[in-house]
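Results of the structural survey
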Amino acid sequence: LAKTTQPISMDSYEGQEVNITCSHNNIATNDYITWYQQFPSQGPRFIIQGYKTKVTNEVASLFIPADRKSSTLSLPRVSLSDTAVYYCLVGEWSSASKIIFGSGTRLSIRP
Amino acid sequence: GAVVSQHPSWVICKSGTSVKIECRSLDFQATTMFWYRQFPKQSLMLMATSNEGSKATYEQGVEKDKFLINHASLTLSTLTVTSAHPEDSSFYICSVPISGEQYFGPGTRLTVT
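About the cut-offs
- Residues numbered from 1 in each chain as written.
- Chains lettered and ligands numbered in written order.
- Predicted model: local features only at pLDDT ≥ 70, side-chain atom pairs only at ≥ 80, totals over all residues.
- Heavy atoms only, no water.
- Helix = DSSP H or I, 4+ residues; strand = E, 2+ residues; numbered from the N terminus.
- Buried < 20%, exposed > 50% of the residue type's maximum accessible area, 1.4 Å probe, protein only.
- Pairing = 2+ DSSP bridges.
- Axes fitted to C-alpha atoms, helices over the stretch in contact; angles between N-to-C directions.
- Phe/Tyr/Trp six-rings, centres within 6.5 Å; stacked < 30°, edge-to-face > 60°.
- Contact = heavy atoms within 4.5 Å.
- Buried area = accessible area lost by both parts, 1.4 Å probe.
- Salt bridge = Lys/Arg side-chain N within 4 Å of Asp/Glu carboxyl O.
- Polar contact = N/O pair within 3.5 Å; in protein donor to acceptor, adjacent residues only side chain to side chain.
- Nonpolar A, V, L, I, M, F, W, Y, C, P; charged D, E, K, R; others polar.
- pLDDT = per-residue confidence, 0-100.

A look at unusual backbone geometry
Pro-8 of chain B follows His-7 of chain B through a cis peptide bond whose omega is 0°. Mapped onto the elements, Pro-8 of chain B comes out in the loop between β1 (4-7) and β2 (10-13). For Thr-53 of chain A, which is not a glycine, the phi torsion comes out positive at approximately 55°. With respect to the helices, strands and loops of the structure, Thr-53 of chain A is situated in strand β5 (residues 53-56). Given a relative accessible area of 52%, Thr-53 of chain A falls into the exposed group.

See the structure below:
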């Protein structure tokens, strides 16, 4: 299972774009990169998943370089409600694959 | 709507008693479910993999006789914390893999007094 490294915490302001980078040097060929968001006392919520290059959905973009050893979650125009912990996870995502959480990044958004 | 539910959402019990937490997959059948524990300000820690029709697989350091897991059907897995102690107080979360994505339950807050 690929280990991930993220910044422990980040601060930003409302309306700004926030980029959280995750390092996963030992990513395997069959591994996908998935980001989750967690609010206090709630289960993690899926944000975005990708394998290579760039993926975009209604809430975020995920940038993955060619070597796939890192990835960047981009949150456009953040608001106070984006204050949460963000986890970068790497794995095969088959039904039997267990997921190991890293430390996550605690994002704080200020007015 | 919610894909995975947990019951109860919170529970308080006395030291020495046992507590059962349910995890249900609402619209999908799941042969595998995962159980996590999360202490305040910490990340989720995988406890065990629940397998329908067979024994659960526990992570290193997790006592299988203390945390009993029963995957009774394709939509239900239960975690029983036996002889609970205050150090077992935590946030317990289950997840269900569906079509390549992990769906997490809302969590159960356990407080042991």
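Having put the structure on the table, let's press on.
Looking at the sheet that holds strand β9 (residues 105-110) of chain A
Residue and element names in this part refer to chain A. Here we have five strands laid out as an open sheet, ordered β1-β9-β8-β3-β4, and mixed in their pairing. Two strands close off the open sheet at either side, each with one partner strand: β1 (9-13) and β4 (45-50). Each adjacent strand pair in this sheet contributes to an overall mean axis angle of 25°, direction not counted. By the bridge criterion, three bridges tie strand β8 (residues 84-91) to β9 in an arrangement that is antiparallel. Paired with Tyr-86 across the bridge in β9 is Thr-105.

Structural notes on the packing of aromatic side chains
Working definition: an aromatic ring pair is given by the centre-to-centre distance plus the angle between the planes. For the structure on display, the rule yields eight aromatic pairs over all chains. Seen in terms of ring centroids, Tyr-36 of chain A and Phe-46 of chain A are 6.0 Å apart; in terms of plane orientation they differ by 85°. Their pairing is edge-to-face. Highlighted residues: Tyr-36 of chain A in strand β3 (residues 32-38) and Phe-46 of chain A in strand β4, separated in sequence by ten residues. Residue classification places Tyr-36 of chain A among the buried positions, given a relative accessible area of 1%. What links up through ring pairs into an aromatic cluster is the set Tyr-36, Phe-46, Tyr-87 and Phe-101 of chain A together with Tyr-36 and Phe-104 of chain B.

A short note on the pairing of strand β4 (residues 32-38) of chain B
Residues and elements named next belong to chain B. Among the seven residues in β4, seven count as buried, and that is most of the element. Along β4, one buried face is formed by Thr-32, Phe-34, Tyr-36 and Gln-38 and the opposite face, lined by Met-33, Trp-35 and Arg-37, is buried too. In terms of strand pairing, β4 meets strand β5 (residues 45-51) through six bridges, oriented antiparallel. Directly across from Tyr-36, in β5, lies its bridge partner Leu-46. What sits between the antiparallel neighbours β4 and β5 is a turn of six residues, in which Lys-41 has the positive phi angle 65°.

Considerations on the interface of chain B and chain A
Taken together, the contact pairs 21 residues of chain B with 21 residues of chain A. Across the chain B/chain A interface, buried area totals approximately 1600 Å², and carbon plus sulfur atoms make up 53% of it. Across the contact surface, chain B and chain A share zero salt bridges. Between chain B and chain A we count six residue pairs in polar contact (both at pLDDT 80 or more) in total. Mapped onto the side of chain B that touches chain A, the elements with two or more residues apiece are β4, β5, β9 (90-98) and β10 (101-104) of chain B. For the side of chain B that touches chain A, the element with the most residues is β4 of chain B, which contributes four residues. By residue class, the composition of the side of chain B that touches chain A is nine nonpolar, eight polar and four charged.

A short note on the confidence of the model for chain B
Looking at chain B, pLDDT values average 94 and 98% of them are 70 or higher. When mean pLDDT is compared element by element in chain B, strand β11 (residues 108-112) of chain B scores highest at 98, while β10 of chain B scores lowest at 88.

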